[in-house]
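Residue-level structural notes
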Amino acid sequence: MSMPETGLRIRVFGDPVLRKKAPAVERINAQHRDLLSKMAQAMYAGSGVGLAAPQVGINHAMLVADIGEGLYKLINPKILKRQGRQVNQEGCLSVPEVCIKIRRANKILVQARDEEGQKIRIEAEGLLACVFQHEIDHLKGKLIVDYASFWKKLKIKRKLAELKKKAQDERVSQSEAKSCPLQL
Ligand code: ZN
């Protein structure tokens, strides 16, 4: 999926960047701020509610999220506390046409830097907490498919093989990314 207006391309399953651990950003500068706003544009263009830097091929610990209550831009996010549980059918812009039921904490406390480099703390609950956990997984090289049960893994095996092939050819179209209501 390419985003000519931002110059960013959403990387799909099979692209090695999605499996790398994203190192922390040391000095936050204008380039990071520019990247965060381009990531937000790419997220909105893909009708996603969250996007992590590795998903656009950039190996930095940065994410954007917007569940309709305002845009978050987080650098070096870390979960300090987890509480309760929720289960959602999650899709991923990087794993188009796949939906996986995932159990996560319902409430989390996240510490991060904002785009000015200030330390911030956010208490998130429900969907926003789900989105942050999904995106922070991306920064660790973890994907929704890693949560699939044995049977689900068998079921999506062929789909993933197709995606892997497409990832090499860069042939994934934007329309394919919308089969799961929650795209992260
Ligand atoms: Zn994702």
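Residues numbered from 1 in each chain as written. Predicted model: local features only at pLDDT ≥ 70, side-chain atom pairs only at ≥ 80, totals over all residues. Heavy atoms only, no water.

Turning to the overall build of the protein chain, a few remarks are in order. For the protein chain, the helix and strand inventory stands at three helices and nine strands. Overall, the protein chain shows an N-to-C arrangement of helices and strands of β-β-α-β-β-β-β-β-β-β-α-α. Scaling as 2.2 N^0.38, a compact globule of 184 residues should have a C-alpha radius of gyration of about 16 Å, and the protein chain matches this with 15 Å. Each principal axis of the C-alpha distribution contributes one length, and for the protein chain these read about 45 × 40 × 30 Å. Burial status across the protein chain gives 50% buried among its 184 residues. Of the contacts made within the protein chain by residues no fewer than 6 positions apart, 69% connect residues no fewer than 24 positions apart. Carbon and sulfur atoms make up 47% of the accessible area of the protein chain, which amounts to about 9400 Å² in all. Of the side-chain charges in the protein chain, 33 are positive and 20 negative, and the distance between the mean point of each set is 7 Å. (Helix = DSSP H or I, 4+ residues; strand = E, 2+ residues; numbered from the N terminus. Rg over C-alpha atoms; globule rule 2.2 N^0.38 Å. Buried < 20%, exposed > 50% of the residue type's maximum accessible area, 1.4 Å probe, protein only. Contact = heavy atoms within 4.5 Å. Areas by Shrake-Rupley, 256 points an atom, 1.4 Å probe, with all protein chains shown as cover. Lys, Arg positive; Asp, Glu negative; His and termini not counted. Charge placed at Lys NZ, Arg CZ, Asp CG, Glu CD.)

Bound to the zinc ion on the protein side are Cys92 (SG), His134 (NE2), His138 (NE2) and Leu184 (O), at distances that span 2.0 to 2.4 Å. Coordination at the zinc ion is irregular: its four donor atoms span angles of 96 to 138° at the metal. Mapping the donors of the zinc ion onto the primary sequence yields the spacing C-x41-H-x3-H-x45-L. Note that Cys92 is positioned in the loop between strand E6 (86-90) and strand E7 (100-104) and His134 in helix H2 (residues 126-139), a separation of 42 residues in sequence. Residue Cys92 is classed as buried on the basis of its relative accessible area, which comes to 1%. (Donors = N, O, S within 2.8 Å, 3.2 Å for Na, K, Ca; no water. Tetrahedral: all angles 85-135°; square planar, octahedral: opposite > 155°, others 65-115°.)

A sheet is described by the order of its strands in space; here five strands give the open sequence E3-E4-E5-E8-E9, paired in antiparallel fashion. At either margin of the open sheet sits one strand with a lone partner, and together these are strand E3 (50-52) and strand E9 (119-125). Taking the axes of each pair of neighbouring strands and ignoring which way they run, one obtains an average angle of 40° across the sheet. Where strand E5 (residues 72-83) lies against strand E8 (residues 107-113), six bridges are found, and the strand directions are antiparallel. Bridging across to E8, Ile79 finds its partner in Val110. Across the sheet, helix H1 (residues 30-45) is in contact with E3, strand E4 (62-65) and E5; its angle to E4 comes to roughly 40°. (Pairing = 2+ DSSP bridges. Axes fitted to C-alpha atoms, helices over the stretch in contact; angles between N-to-C directions.)

A contiguous patch of positive charge on the surface is contributed by Lys78, Lys81, Arg113, Lys119 and Arg121. For the positive patch, the elements supplying multiple residues, two or more each, are E5 and E9. Inspection of the secondary structure puts Arg121 in strand E9. (Patch = residues over 30% accessible without salt bridge, like charges linked within 9 Å, V, L, I, M, F, W, Y side chains within 5 Å. Salt bridge = Lys/Arg side-chain N within 4 Å of Asp/Glu carboxyl O.)

Quick look at helix H3 (residues 150-169) now. A rise of 1.5 Å per residue sets the reference length of H3, with its 20 residues, at 28 Å; its end C-alpha atoms lie 28 Å apart and thus fit the reference within 8%. In the structure, H3 departs most strongly from a straight axis at Ile156, where the bend amounts to approximately 50°. Among all positions in H3, only Ile156, Lys159, Leu160, Leu163, Lys166 and Ala167 are buried. Its buried side turned inward, H3 meets E7. (Expected span 1.5 Å × (residues − 1). Bend = angle between axes of the 7 residues up to and from the residue.)

Phi at Asn76 is positive, roughly 50°, even though this residue is not glycine. Relative to the helices and strands, Asn76 resides in strand E5. Positive phi, close to 70°, is recorded for Glu97, a residue that is not glycine. Along the chain, the position of Glu97 falls in the loop between E6 and E7.

In this section: the pairing of E5. Looking at chain direction, E4 and E5 are connected through four bridges and run antiparallel. Its bridge partner being in E5, Val64 is matched across the sheet by Lys73. Where E4 folds back on E5, the antiparallel hairpin that results is connected by six residues, among which Gly68 adopts a positive phi of roughly 105°.

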